[in-house]
Amino acid sequence: MLILLPPSEGKTPAVSGPVLDPSRLHFPLLSEPRALVLKALAEASSSEDALAVLGVGATLAPEVRRNTALDSAPCAPAHRVYTGVLYDALGYASLPPAVQRRADNAVLVMSALWGALGFADPIPAYRLSMSVRLPETGRLAAFWKQHLTGPLDEYAADALVVDCRSSTYAAAWTPDPQRTAAVNVFTVRDGKRKVVSHFAKHTRGELARHLLLRTGTEPATPQELLAAAQEKWEAELVAPAGRKPYQLNLILAG
């Protein structure tokens, strides 16, 4: 089983720690494209129109300035750097050590800067979205799609892929739709379903935590994933169509 997560918009910088060592990150084949994006991000972040290029407001100027020196910034494991609703619900720090090791192997985070990361990969905090278009790379989702397909196809192999990514990050890699389930979250009010955003992030984090903590054989098919999800939620599974994977719909009470 492989759980795909989006990064968080906000990130917690490490107070101390080792500086960036690209050899310690998953997927060594991504070293060259990572170096290209890292250089392009530093240059864009030091330009006069940095905020406009990165699509952020003036309040985030300190984070943009931090992008100019990421190679000398202290690093921490990805599961500590990424913070927010989804990551709080997953609660890595409160998992038993054996389950943390399981998460380190089972969870991948998609990243506009790094492409894809293992959950324990040491990284500095940065500010960059997959929707950004850097001068040297073009739109990052399209850039990374060229580089991620081979390494991630091989890494996923025959594993079940539980896709908790947002649409922006899903565009960077398309796993086998027959072995992938994209996780959607709905509420029901007055008999009608409504897509939710805040609670979707929280529920996806809860689902990841549930899948990591539960005992017994981990799900190996979308149908087994449905059964695991139904241990905690009302859920349904929609069959794939073309390149669109299975859809695991979690339905929350309104």
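This text goes with the structure placed above it.
This one's a predicted model, so the numbers in the text were calculated from it and none came from an experiment.

Procedures and definitions
Residues numbered from 1 in each chain as written. Predicted model: local features only at pLDDT ≥ 70, side-chain atom pairs only at ≥ 80, totals over all residues. Heavy atoms only, no water. Helix = DSSP H or I, 4+ residues; strand = E, 2+ residues; numbered from the N terminus. Rg over C-alpha atoms; globule rule 2.2 N^0.38 Å. Contact = heavy atoms within 4.5 Å. Areas by Shrake-Rupley, 256 points an atom, 1.4 Å probe, with all protein chains shown as cover. Lys, Arg positive; Asp, Glu negative; His and termini not counted. Charge placed at Lys NZ, Arg CZ, Asp CG, Glu CD. Buried < 20%, exposed > 50% of the residue type's maximum accessible area, 1.4 Å probe, protein only. Pairing = 2+ DSSP bridges. 1 Å grid on protein atoms, 1.4 Å probe; cavity = no way out; pocket = protein on both sides within 12 Å on 5 of 7 lines; lining within 4 Å. Points joined across faces, edges and corners; volume = space filled by probe spheres on them. Nonpolar A, V, L, I, M, F, W, Y, C, P; charged D, E, K, R; others polar. Salt bridge = Lys/Arg side-chain N within 4 Å of Asp/Glu carboxyl O. Arc of directions from axis to C-beta. Polar contact = N/O pair within 3.5 Å; in protein donor to acceptor, adjacent residues only side chain to side chain. Core = buried A, V, L, I, M, F, W, Y, C linked by side-chain atoms within 4.5 Å. Axes fitted to C-alpha atoms, helices over the stretch in contact; angles between N-to-C directions. Parallel < 35°, antiparallel > 145°, perpendicular 65-115°, else oblique. Left-handed = near helix turned anticlockwise from the far one by under 90°.

A. How the structure looks around the overall build of the protein. Scanning the protein for helices and strands turns up ten helices and twelve strands. Over its C-alpha trace the protein gives a radius of gyration of 18 Å, about what one expects of a compact globule, namely 18 Å for 254 residues. Overall, the protein is about 50 × 40 × 35 Å in size when its C-alpha atoms are taken along their principal axes. For the protein, contacts bridging at least 24 residues in sequence account for 69% of all contacts bridging at least 6. Carbon and sulfur atoms form 54% of the exposed surface of the protein, whose accessible area is close to 11,700 Å². For the protein, the distance from the average position of its 26 positive side-chain charges to the average position of its 24 negative side-chain charges is 5 Å.

B. Here's a closer look at the pairing of strand β1 (residues 2-5). Of the two faces of β1, both are covered, the one formed by L2 and L4 as well as the one formed by I3 and L5. Two strands pair when backbone bridges link them, and β1 and strand β8 (residues 161-163) are joined in this way by three bridges, in the parallel orientation. When the bridges of β8 are listed, L4 appears paired with D163. For β1 and strand β3 (residues 107-111), the ladder comprises three bridges, and the chain directions are parallel. Looking across to β3, one finds that L5 is bridged to V109.

C. Seen up close, empty space enclosed by the protein. All told, the structure shown has one cavity of 30 Å³ or more when counted by the stated rule. Within this model, the largest cavity holds a volume of roughly 30 Å³. Lining the largest cavity are P7, S8, E9, K11, R127, L128 and Y169.

D. The layout of surface pockets, seen in detail. Approximately 690 Å³ is the volume found for the largest pocket. Lining the largest pocket are 38 residues, and of these C164, R165, S166, S167 and R204 lie nearest its centre. Those elements that place two or more of their residues in the lining of the largest pocket are α5 (85-90), α8 (167-170), β9 (180-189) and α9 (198-213). Sorting elements by how many residues they give to the lining of the largest pocket places β9 first, with six residues. Class assignment for the residues of the lining of the largest pocket results in 20 nonpolar, twelve polar and six charged.

E. The arrangement of the pattern of salt bridges in detail. Counted according to the given criterion, the structure contains six salt bridges. Residue K39 pairs with E43 through a salt bridge whose shortest N-O separation is 2.7 Å. Taken together, the positions of K39 and E43, both in helix α1 (residues 31-45) and four residues apart, correspond to about one turn of that helix. A residue is classified by how much of its surface remains accessible, and K39, at 53% relative accessible area, is exposed. Judged by its relative accessible area of 35%, E43 is partly exposed. Of the charged contacts, one joins R165 and D163 as a salt bridge, the two residues approaching to 2.8 Å between their closest N and O atoms. Residue R165 is classed as buried on the basis of its relative accessible area of 6%. Residue classification places D163 among the buried residues on the basis of a relative accessible area of 7%.

F. Main features of helix α10 (residues 222-229). Every buried residue belonging to α10 is among P222, L225, L226, A228 and A229, and all of these are buried. With its buried residues spanning 160 degrees around the axis, α10 presents them on a single face. Buried residues along α10 sit against β8, β9, α9, β11 (234-238) and β12 (246-253).

G. Region of interest: the side chain of S129. Looking at where S129 falls in the secondary structure, it is placed in the loop between β5 (122-123) and β6 (133-134). The class of S129 is buried, set by a relative accessible area of 14%. Only 3.1 Å separates the side chain of S129 from the side chain of S131, close enough to count as a polar contact. Every residue in contact with S129, bar those within four places of it in the chain, is listed here: A112, L140 and Y169.

H. Expanded view of the nonpolar core. Membership of the largest hydrophobic core comes to 84 residues, with the highest contact counts inside it found for I3, W114, L128, L140, V162 and L248. Among the elements that take part in this core, helix α7 (residues 140-156) stands out by supplying seven residues, more than any other.

I. Up close: the packing of α1 against α7. Between α1 and α7, the shortest axis-to-axis distance is 10 Å and the interhelical angle comes to 160 degrees. Between α1 and α7, the angle falls in the class roughly antiparallel. Between α1 and α7 lies a crossing of right-handed hand. Packed against α1, whose contacting residues are P33, R34, L36 and V37, the element α7 presents L140, F143, W144 and H147 at the interface. Considered class by class, the residues forming the contact of α1 with α7 number six nonpolar, one polar and one charged.

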